[in-house]
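If you want the building blocks of each chain, they are given just below.
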Amino acid sequence: MKRMQTATASPTQQPSNRSTTVLLVIGGLLLIGLVYSVVVRDQPVSCPNELVGAWITAANGYENGMLVFTKTGVSFSVGFEHLDAQAMRRIDVSEEGPRTLYTIVYGDSRSDEQTLSFYYHTKDQTITFKNQAHLIWTRKTVES
(Lines give C-alpha, C1' and ligand atoms only; values in the text may rest on other atoms or scores of the structure.)
Protein backbone atom coordinates (compact mmCIF):
# COMPACT_ATOMS: atom_id res chain seq x y z
CA MET A 1 0.00 0.00 0.00
CA LYS A 2 1.18 3.40 -0.91
CA ARG A 3 0.65 6.26 1.40
CA MET A 4 -0.35 9.60 0.06
CA GLN A 5 1.60 12.59 1.24
CA THR A 6 -0.23 15.75 2.06
CA ALA A 7 0.89 19.23 1.06
CA THR A 8 0.93 20.56 4.61
CA ALA A 9 4.18 21.85 6.06
CA SER A 10 5.90 19.72 8.61
CA PRO A 11 6.29 21.09 12.12
CA THR A 12 10.05 21.41 11.58
CA GLN A 13 9.62 23.98 8.80
CA GLN A 14 7.52 26.47 10.80
CA PRO A 15 10.27 27.55 13.23
CA SER A 16 12.57 28.13 10.26
CA ASN A 17 10.04 30.49 8.69
CA ARG A 18 9.63 32.31 11.99
CA SER A 19 13.33 32.74 12.52
CA THR A 20 13.72 34.02 8.96
CA THR A 21 10.93 36.53 9.56
CA VAL A 22 12.49 37.64 12.86
CA LEU A 23 15.89 38.07 11.20
CA LEU A 24 14.33 40.11 8.38
CA VAL A 25 12.55 42.37 10.88
CA ILE A 26 15.76 42.86 12.92
CA GLY A 27 17.72 43.58 9.74
CA GLY A 28 15.09 46.10 8.63
CA LEU A 29 15.19 47.86 12.00
CA LEU A 30 18.98 48.02 11.88
CA LEU A 31 18.80 49.49 8.38
CA ILE A 32 16.27 52.10 9.50
CA GLY A 33 18.49 52.96 12.50
CA LEU A 34 21.52 53.35 10.24
CA VAL A 35 19.66 55.63 7.82
CA TYR A 36 18.29 57.68 10.74
CA SER A 37 21.75 58.11 12.28
CA VAL A 38 23.21 59.29 8.96
CA VAL A 39 20.38 61.73 8.26
CA VAL A 40 20.08 63.15 11.78
CA ARG A 41 23.76 63.23 12.76
CA ASP A 42 25.25 66.41 14.16
CA GLN A 43 26.21 69.05 11.68
CA PRO A 44 29.92 69.92 11.66
CA VAL A 45 30.82 72.81 13.95
CA SER A 46 33.21 75.55 12.91
CA CYS A 47 34.69 77.83 15.54
CA PRO A 48 34.78 81.54 14.63
CA ASN A 49 38.20 82.85 13.56
CA GLU A 50 38.25 85.41 16.39
CA LEU A 51 38.48 82.54 18.89
CA VAL A 52 40.88 80.19 17.08
CA GLY A 53 44.24 80.09 18.80
CA ALA A 54 45.84 79.67 22.22
CA TRP A 55 44.58 81.76 25.13
CA ILE A 56 46.45 82.38 28.40
CA THR A 57 45.81 84.23 31.65
CA ALA A 58 48.07 85.69 34.32
CA ALA A 59 45.60 84.89 37.12
CA ASN A 60 46.94 83.09 40.20
CA GLY A 61 46.65 79.34 39.85
CA TYR A 62 46.46 79.46 36.06
CA GLU A 63 50.03 80.52 35.23
CA ASN A 64 50.75 77.35 33.25
CA GLY A 65 47.20 76.93 31.96
CA MET A 66 46.08 77.38 28.41
CA LEU A 67 42.80 77.32 26.51
CA VAL A 68 43.13 76.40 22.83
CA PHE A 69 40.41 76.66 20.20
CA THR A 70 40.75 75.00 16.82
CA LYS A 71 38.16 75.04 14.05
CA THR A 72 36.47 71.91 15.45
CA GLY A 73 37.75 71.42 18.99
CA VAL A 74 38.71 72.91 22.32
CA SER A 75 41.64 71.93 24.54
CA PHE A 76 42.36 72.74 28.14
CA SER A 77 45.81 72.45 29.67
CA VAL A 78 46.47 72.80 33.36
CA GLY A 79 50.18 72.84 33.93
CA PHE A 80 52.52 70.95 31.69
CA GLU A 81 51.31 67.45 32.45
CA HIS A 82 47.55 67.63 31.85
CA LEU A 83 45.88 68.22 28.48
CA ASP A 84 42.21 67.59 27.75
CA ALA A 85 41.09 67.94 24.13
CA GLN A 86 37.42 67.64 23.16
CA ALA A 87 35.39 67.94 19.96
CA MET A 88 32.99 70.87 19.69
CA ARG A 89 29.43 69.70 19.22
CA ARG A 90 27.56 73.02 19.11
CA ILE A 91 28.24 76.76 19.36
CA ASP A 92 25.59 79.31 20.35
CA VAL A 93 26.35 83.00 19.82
CA SER A 94 24.54 86.08 21.13
CA GLU A 95 25.61 89.70 20.87
CA GLU A 96 25.52 91.70 24.10
CA GLY A 97 26.68 95.21 23.27
CA PRO A 98 30.46 95.41 22.91
CA ARG A 99 30.88 91.75 23.78
CA THR A 100 29.70 88.42 22.41
CA LEU A 101 28.46 85.56 24.56
CA TYR A 102 29.65 82.19 23.28
CA THR A 103 28.26 78.97 24.65
CA ILE A 104 30.21 75.98 23.43
CA VAL A 105 28.96 72.45 23.94
CA TYR A 106 31.82 69.97 23.70
CA GLY A 107 32.54 66.31 24.41
CA ASP A 108 33.20 62.99 22.75
CA SER A 109 29.53 61.98 22.72
CA ARG A 110 26.10 63.31 23.59
CA SER A 111 26.19 61.48 26.91
CA ASP A 112 29.53 63.19 27.72
CA GLU A 113 28.59 66.77 26.78
CA GLN A 114 29.86 69.72 28.78
CA THR A 115 29.21 73.43 28.38
CA LEU A 116 31.58 76.38 28.40
CA SER A 117 30.10 79.91 28.43
CA PHE A 118 32.29 82.96 28.03
CA TYR A 119 32.32 86.50 26.73
CA TYR A 120 34.55 87.65 23.92
CA HIS A 121 35.29 91.36 24.28
CA THR A 122 35.67 92.77 20.78
CA LYS A 123 37.53 95.96 21.74
CA ASP A 124 40.13 94.30 23.99
CA GLN A 125 40.10 90.96 22.16
CA THR A 126 39.94 89.13 25.48
CA ILE A 127 37.84 86.32 26.91
CA THR A 128 36.22 86.14 30.35
CA PHE A 129 34.27 83.11 31.52
CA LYS A 130 30.66 83.85 32.32
CA ASN A 131 31.03 82.48 35.86
CA GLN A 132 34.61 83.78 36.45
CA ALA A 133 34.73 87.39 35.25
CA HIS A 134 37.95 88.01 37.21
CA LEU A 135 39.91 85.69 34.88
CA ILE A 136 40.94 87.58 31.76
CA TRP A 137 42.27 85.44 28.92
CA THR A 138 44.33 86.93 26.09
CA ARG A 139 45.37 85.31 22.84
CA LYS A 140 48.96 84.13 22.92
CA THR A 141 50.99 85.53 20.09
CA VAL A 142 53.21 83.23 18.12
CA GLU A 143 56.78 84.42 17.86
CA SER A 144 58.66 83.67 14.67
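Preceding this paragraph is the structure being described.
To keep things clear, this report deals only with the structure shown in the data block. Quick caveat, the model's predicted, so the values are computed rather than measured.

1. Quick notes on unusual backbone geometry
Piece 1. Of note, Gln 125 is a non-glycine position whose phi angle comes to about 55°, a positive value.
Piece 2. Inspection of the secondary structure puts Gln 125 in the loop between strand E6 (114–121) and strand E7 (126–129).

2. Quick word on the pairing of strand E1 (residues 53–56)
Piece 1. Taken together, the 3 bridges between E1 and strand E2 (residues 66–69) define a ladder with antiparallel strand orientation. Residue pairing for E2: Trp 55 is matched across the bridge by Leu 67.
Piece 2. Bridge count between E1 and strand E8 (residues 132–139): 2 bridges; the pairing is antiparallel. Bridge pairing links Trp 55 to Arg 139 in E8.

Cut-offs used in this document
Counting from 1, residues in each chain are numbered in the order their sequence is written. Restriction of local features to residues with pLDDT of at least 70 applies here, the model being predicted, together with a cutoff of 80 or more for giving and counting side-chain atom pairs; totals for whole chains, interfaces and linings are based on all residues. Excluding hydrogens and water, the side-chain figures rest on all heavy atoms present in the structure. Secondary structure elements follow DSSP: runs of H or I no shorter than four residues count as helices, runs of E no shorter than two count as strands, and numbering proceeds from the N terminus. Note on pairing: DSSP must find at least two bridges between two strands before they are called paired.

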